[in-house]
Structure formats: structure tokens, C-alpha cells
Amino acid sequence: MTRIALFPGSFDPFTKGHEDIVLRGLKLFDQIIIAIGYNSGKSVRYFDINLMKERIEKTFKDYPGIKVVIFAELTAEFAKKNGARYLLRGLRNTTDFEYENSIAQVNRYLNEELESVFLITSPQFASISSSIIREVHRYKGDVSNFLPYQL
Ligand code: ADP
């Protein structure tokens, strides 16, 4: 049976921390669908969603098991439609844990078949966050070391 995982996120932008979760996830799953979504709590995106899709596709061009999509619906529903029985997420700290715990409980309620799987961040990426990268970029700082592609 093909094990398909959905890796949903805002990816605004997609970082080396996200890349690390995907590459490690490939040891567990046959296919990973990276799903760029709109997070209603962070309504206005900073990086264009189509640009981000293209950059992520470029990053994983040598990995046939990785697909990149844009979605705007319930994650639990979207997973079901795509045959994904696993939700992949990353954890950096207790703040992530609190947030991820709530999301996972809701997703379980919405789709009992869906199992959330969490990978703990690799230490070298623990401090990388999309929000800090947006801040640095806004004020013309160099963010290239945090991204697995050229902007
Ligand atoms: P969301 O808006 O859904 O939280 P993000 O794009 O911020 O989406 O993050 C997607 C997932 O990646 C989340 O599970 C988040 O905790 C995880 N993540 C973000 N940065 C890192 C990192 N540096 N290391 C490991 N996981 C990370």
C-alpha cells in the first residue's frame, strides 16, 4: 500500500526547516504532498503563493515522490480527497506543540482515518521561522541562508 502524507502549511516562505521535515518524512512515506494553504490567522501573504509553489517544486525536482499543490479548504477533507492518511507536521518547541495539539485534535474529529505525525526539528533548523524571515526580508536583510532555493 502506498503511504501518502500531506504536509500542509502556509510556507510563507518555505524554509530549510520545512525542507528538513520533508526529506526526513520521505523515510516514512512513499509520497508527500506539500500543500500550500491560506492560514486565516495570517490572512495576507507576504510571498506570492504561485512563486512559492514554483520554488518548492524546483527544490524537490529530483524527488518523484514529492508533489506541490495549492489548496483552500479543510485540511482533513483535502487529505481524504488525495488519499493521504497521514498529516506531517514539524515541532520546534512547546509553543508549536500547543498549537499542533489543538489542530491535530480537530483534524482527528473531522477525519478519524487521518493520523497526524510529528517530526522534531533538527537542531540546526530549530530557530528558523517563516515570520522572522519575512521580517528580515522586509527590511532588506539577507535571508538566503535560511531558504533551500534562490528567491
Ligand atoms: P502553519 O501556518 O500551518 O503553521 P507553517 O508554514 O508556519 O504553517 O509551518 C508548517 C509546519 O512546519 C508546521 O508544523 C510548523 O510547526 C513546521 N515548521 C516550521 N518551521 C520549522 C522548522 N524550522 N523546523 C521544523 N518544523 C518547522
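Anyway, here's the lowdown on the structure attached to this text. (Residues numbered from 1 in each chain as written. Predicted model: local features only at pLDDT ≥ 70, side-chain atom pairs only at ≥ 80, totals over all residues. Heavy atoms only, no water.)

Considering the overall build of the protein
Defined as follows: Numbered from the N terminus, helices here are DSSP runs of H or I no shorter than four residues, and strands are runs of E no shorter than two. Based on C-alpha atoms, the radius of gyration is set beside the globule rule, defined as 2.2 Å times the residue count to the power 0.38. By the convention used here, residues are in contact when the closest approach between their heavy atoms is within 4.5 Å. Note on areas: Shrake-Rupley with a 1.4 Å probe; residue coverage comes only from the protein chains shown.
Counting its regular elements, the protein contains five helices and five strands. Its helices and strands in sequence order give the protein the pattern β-α-β-α-β-α-β-α-β-α, from N to C terminus. At 15 Å, the protein has a C-alpha radius of gyration in line with the 15 Å of a compact globule built from 151 residues. Its C-alpha atoms give the protein principal-axis dimensions of about 45 × 35 × 30 Å. Looking at the protein alone, contacts between residues at least 24 apart form 77% of all its contacts between residues at least 6 apart. Taken as a whole, the protein presents about 8700 Å² of accessible surface, with 52% of it coming from carbon and sulfur.

Details of the pattern of salt bridges
Pairing is possible between side chains of opposite charge, provided their charged atoms come close. So the rule is basically this: We define a salt bridge as a side-chain nitrogen of Lys or Arg found within 4 Å of a carboxyl oxygen belonging to Asp or Glu.
For the structure shown, the criterion picks out nine salt bridges. Where K53 meets E57, a salt bridge forms, and the shortest distance between an N and an O atom there is 3.0 Å. Pair noted here: K53 and E57 are both in helix α2 (residues 49-59), with a separation of four residues, about one helical turn. E54 is paired through a salt bridge with R55; the nearest N and O atoms lie 2.3 Å apart.

Let's talk about the packing of aromatic side chains
Which entries qualify depends on this criterion: Here a pair means two rings of Phe, Tyr or Trp (six-membered ring of Trp) with centres within 6.5 Å. Their orientation is stacked below 30 degrees between planes, edge-to-face above 60, and tilted elsewhere. Under the scheme applied here, a residue whose accessible area is under 20% of the maximum for its type counts as buried, over 50% as exposed, and between as partly exposed, the area being computed with a 1.4 Å probe on protein chains only.
Under the definition given, this model contains seven aromatic pairs. A ring pair is formed by F7 and F11, whose centres lie 5.1 Å apart and whose planes are at 55°; its orientation type is tilted. A relative accessible area of 3% places F11 in the buried class.

Things to note about the environment of L87
Relative to the helices and strands, L87 is located in strand β4 (residues 86-91). Note on L87: relative accessible area 3%, which makes it buried.

Considering unusual backbone geometry
In this model, D12 is joined to P13 through a cis peptide bond whose omega is 10°. Structurally, P13 is set in the loop between β1 (4-9) and α1 (16-25). Positive phi is not limited to glycine here, since F11 has a value of about 45°. Mapped onto the secondary structure, F11 falls in the loop between β1 and α1. At K140, a residue that is not glycine, the phi angle is positive and equals roughly 65°. Relative accessible area serves as the criterion here: at 76%, K140 is assigned to the exposed category.

Distances and angles like these do not, on their own, reveal function.
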